[in-house]
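Notes for the structure review
The chain contents come next:
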Amino acid sequence: MWRLLRPDAATVWRSPEVLSRLSWYHSVMTDRKPAKYLICKRVEAPFKGDEGLEELWRVHDEAVKAFDELWSKVREGEVKLDELRKPERSLLDLKAEIANRLLESCVYCERRCMVNRRAGQRGFCNLDATSRVSTWFHHYGEEAPLVPSGTIFFTSCNFRCRFCQNWDISTDPLNGVEVTPRKLAAIASTLRREGCRNVNYVGGEPTPNLHVIIGSLKYMDVNVPILWNSNMYCSLETMKLLRELVDIWLPDFKYYSDKCAERLSKVPRYFEVVSRNHLLAHECGDIIIRHLVMPNHLECCTKPLLNWIAKNLPRALVNIMGQYRPEHVVAREPHRYPDIARRPTAEEMREAYAEARRLGIVFEPVS
């Protein structure tokens, strides 16, 4: 059915650039290689569970070295996972333990609220330890290499975008249904078995739900690419936990200007944090960057951002998106945000595409 709905989902793989830049993702999607989280399950991480957080990180960093070696051998076809025993405690088990510890003084994102969400406290995202999912389904509107994508929409967010198109999800932490790690694992596994090319954690924002997402992977055994669809305001700790789990990154890169980020999304230090995390993602997996072109923001954000991507993220595919429309607060109070109170014009989109072409950015196969 997806071939009929989105024929480009098949033809996109005829592009040598797409196939080269998304080679790992493609190999997992087609079941020629195991997803990274399954490799994590075969990497030993000796810990008891009563160690301090500093010691757990030490063990984690040592186990990551073993993961890197094993992942290299898997990519080269030198090792098959079914030939390896499952250790008593794996790197995935350790990541789940660390994620649960961090929840007690939450630093999942760079707001670093340090509240004890396990004790019921809530930080900027308005979430305690409970994760809720608004909806999940086969998504046919994502980039061509991802369709159909098994999207799982988490509630709440660590941004306050004045123009949010998913504001009903991102502003209401009680939207949807509660999910435990086991239930989330069942949802993700079913999506894959029904034909989805990936499991797409999105929202809202997936970052505040890190503990449930990592915990769910312990209950999964289906081979499926793990996709992280995020605003990328993650902490370094979160990026360390995700590095060996995510097969393909689908990050937003909204702004180049910190002033724009602060005014329109209430986010401090935006470029410092998000550019750092894009660099880390680019080092450890396949990546498709989304940039939403906003009206009147070509010079302050779109053009300098595309220049930065071209210089620093040469393997990334880029989706330059023209879907912006006034929503949420901007739709209700356009006089407060006159610069973004309309859709981008055709000329603005042509300028954005022309800049990408000038810089040699590969974007047309996924736009």
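Here, the structure is the one placed above.
Residues numbered from 1 in each chain as written. Predicted model: local features only at pLDDT ≥ 70, side-chain atom pairs only at ≥ 80, totals over all residues. Heavy atoms only, no water.

Before going further, it helps to spend a moment on the overall build of the protein chain. Regarding its fold elements, the protein chain presents 16 helices and eight strands. Compactness check: the protein chain gives a C-alpha radius of gyration of 20 Å against a globular reference of 21 Å for 367 residues, within 12% of the reference. Counting only C-alpha atoms, the protein chain reaches 60 × 50 × 40 Å along its principal axes. Counting only residues that meet the buried cut, the protein chain has 60% of its 367 residues in that class. Expressed as a percentage of contacts within the protein chain between residues at least 6 apart in sequence, the contacts between residues at least 24 apart total 74%. When the accessible surface of the protein chain is summed, it comes to about 15,200 Å², and 50% of that surface belongs to carbon and sulfur atoms. (Helix = DSSP H or I, 4+ residues; strand = E, 2+ residues; numbered from the N terminus. Rg over C-alpha atoms; globule rule 2.2 N^0.38 Å. Buried < 20%, exposed > 50% of the residue type's maximum accessible area, 1.4 Å probe, protein only. Contact = heavy atoms within 4.5 Å. Areas by Shrake-Rupley, 256 points an atom, 1.4 Å probe, with all protein chains shown as cover.)

We now examine the environment of Thr30. Mapped onto the elements of the fold, Thr30 is located in the loop between helix 4 (23-29) and helix 5 (36-40). Given the relative accessible area of 33%, Thr30 is considered partly exposed. Separated by 193 residues in sequence, Thr30 and Asn223 have C-alpha atoms that sit 9.4 Å apart. Looking at Thr30, its side chain comes within polar contact range of the main-chain oxygen of His26, at 2.7 Å. In this structure the side chain of Thr30 is engaged in a polar contact, spanning 3.2 Å, whose partner is the side chain of Arg32. (Polar contact = N/O pair within 3.5 Å; in protein donor to acceptor, adjacent residues only side chain to side chain.)

Here we take up the packing of aromatic side chains. Applying the stated criterion across every chain yields a total of 15 aromatic pairs. Geometrically, the ring pair formed by Trp24 and Trp71 is edge-to-face, given 5.5 Å between the ring centres and 85 degrees between the ring planes. Pair noted here: Trp24 is in helix 4 and Trp71 is in helix 6 (residues 53-75), with a separation of 47 residues, a long-range link. Side by side, Trp24 and Trp71 carry an identical accessibility label, which is buried. With a centroid separation of 5.7 Å and an interplanar angle of 65 degrees, the aromatic rings of Phe163 and Tyr324 are classed as edge-to-face. Of the two residues, Phe163 is situated in the loop between strand 2 (149-154) and helix 8 (167-170) and Tyr324 in the loop between strand 8 (317-321) and helix 15 (328-332); the sequence distance between them amounts to 161 residues. We note that Phe163, like Tyr324, is buried. Grouped by ring-pair contacts, the aromatic residues Phe159, Tyr233, Phe253, Tyr255, Tyr256, Tyr270, Phe271 and Trp308 constitute a single cluster. Residue placement shows Arg75 over the ring face of Trp71; its charged tip is 4.2 Å from the ring centre. Across from the ring centre of Phe47, 4.6 Å away, lies the NZ or CZ of Arg89, which sits over that ring. (Phe/Tyr/Trp six-rings, centres within 6.5 Å; stacked < 30°, edge-to-face > 60°. Lys NZ or Arg CZ within 6 Å of the ring centre and 35° of its normal.)

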